[in-house]
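Residue-level listing of the chains:
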Amino acid sequence: MKDKFNLSKEQCVFIVKRNIVDYIYKSANLEGIGVTYPDTQAILDGGVVNGLTVNEMITINNLKYAWNYVLEHDFSKLDFAVICDLHRFIMDKLVMNPGMIRQVPVNIGGT
């Protein structure tokens, strides 16, 4: 029996590309964005969805850009620079100085 948890890089990339809409949909919902799976697909295809704010649509597109960044680079190790780059992709146009350590207090809502 083949070990299903020991995948090659090519297999991992295939799985991500096949499920990327689902990953972005779930991440958006985790961030409190009330978007449906079909709406997520529409946004990723360049459409506009009624009922979402501009920031919510930017967040969904930024998640797509971050996933593309991960898929396009060969990371032999995950370091601080990579984390900063991912933060810059995800938070672009949403916070000041994305990709840099914040100098202001950060609040977590709902806790």
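Now for a look at the structure at hand. Keep in mind that what you see is a predicted model, and the values were worked out from it rather than measured.

### Points about the packing of helix α3 (residues 54-72) against helix α4 (residues 80-91)
Then, in step 1: At their nearest, the axes of α3 and α4 sit 7 Å apart, and the two run at 150 degrees to each other. Put simply, α3 runs roughly antiparallel to α4. On α4, the residues that touch N62, L63, Y65, A66, Y69 and V70 of α3 are D85, L86, F89, I90 and M91.

### Comments concerning the nonpolar core
Then, in step 1: Ranked by internal contacts, the top residues of the largest apolar core, which has 13 residues, are I24, I33, V35, I43, L52 and I60.
Then, in step 2: Listed by contribution, the elements that provide at least two residues to this core are α1 (9-30), α2 (37-44) and α3.
Then, in step 3: Of the residues forming this core, the biggest block, four residues, is contributed by α1.
Then, in step 4: Those residues within four positions of I33 in sequence are excluded, and the remaining contacts are A28, L52, E56, T59 and I60.

### Regarding the pattern of salt bridges
Then, in step 1: Following the criterion strictly, the structure yields three salt bridges and no others.
Then, in step 2: In this structure, the salt-bridge partner of D22 is K26, at a minimum N-O distance of 3.0 Å. On the criterion of helical spacing, the pair formed by D22 and K26 is a turn pair, its members being four residues apart in helix α1.
Then, in step 3: The salt bridge involving D85 is made with R88; its shortest N-O contact spans 3.3 Å. Of this pair, D85 and R88 are both found in helix α4, three residues apart, which corresponds to roughly one turn of the helix.
Then, in step 4: Note on D85: relative accessible area 23%, which makes it partly exposed.
Then, in step 5: On the accessibility criterion, R88 (36% relative accessible area) is partly exposed.

Definitions and limits used
- Starting from 1, residues in each chain are numbered consecutively following that chain's sequence as written.
- Where totals are concerned, whole chains, interfaces and linings use all residues; where local detail is concerned, this predicted model gives features only for residues with pLDDT of at least 70, and gives and counts side-chain atom pairs only at 80 or more.
- The side-chain quantities take in all heavy atoms of the structure and omit both hydrogens and water.
- Every axis corresponds to a line fitted to the C-alpha atoms, with the helix fit spanning only the stretch in contact, and the corresponding angles, defined between N-to-C directions, vary from 0 to 180 degrees.
- Numbering of helices and strands starts at the N terminus; helices are DSSP runs of H or I of at least 4 residues and strands are runs of E of at least 2.
- For classification purposes, an angle smaller than 35 degrees is called roughly parallel, one larger than 145 roughly antiparallel, one from 65 to 115 roughly perpendicular, and anything else oblique.
- In this analysis, two residues are considered to be in contact whenever any of their non-hydrogen atoms come within 4.5 Å of each other.
- Grouping buried Ala, Val, Leu, Ile, Met, Phe, Trp, Tyr and Cys residues that are joined through side-chain atoms within 4.5 Å yields what is termed a nonpolar core.
- The classification of residues rests on relative accessible area computed with a 1.4 Å probe and restricted to protein chains. Under 20% of the type maximum is buried, over 50% is exposed, and intermediate values are partly exposed.
- The salt bridge criterion pairs a side-chain nitrogen of Lys or Arg with a carboxyl oxygen of Asp or Glu, the two atoms within 4 Å.

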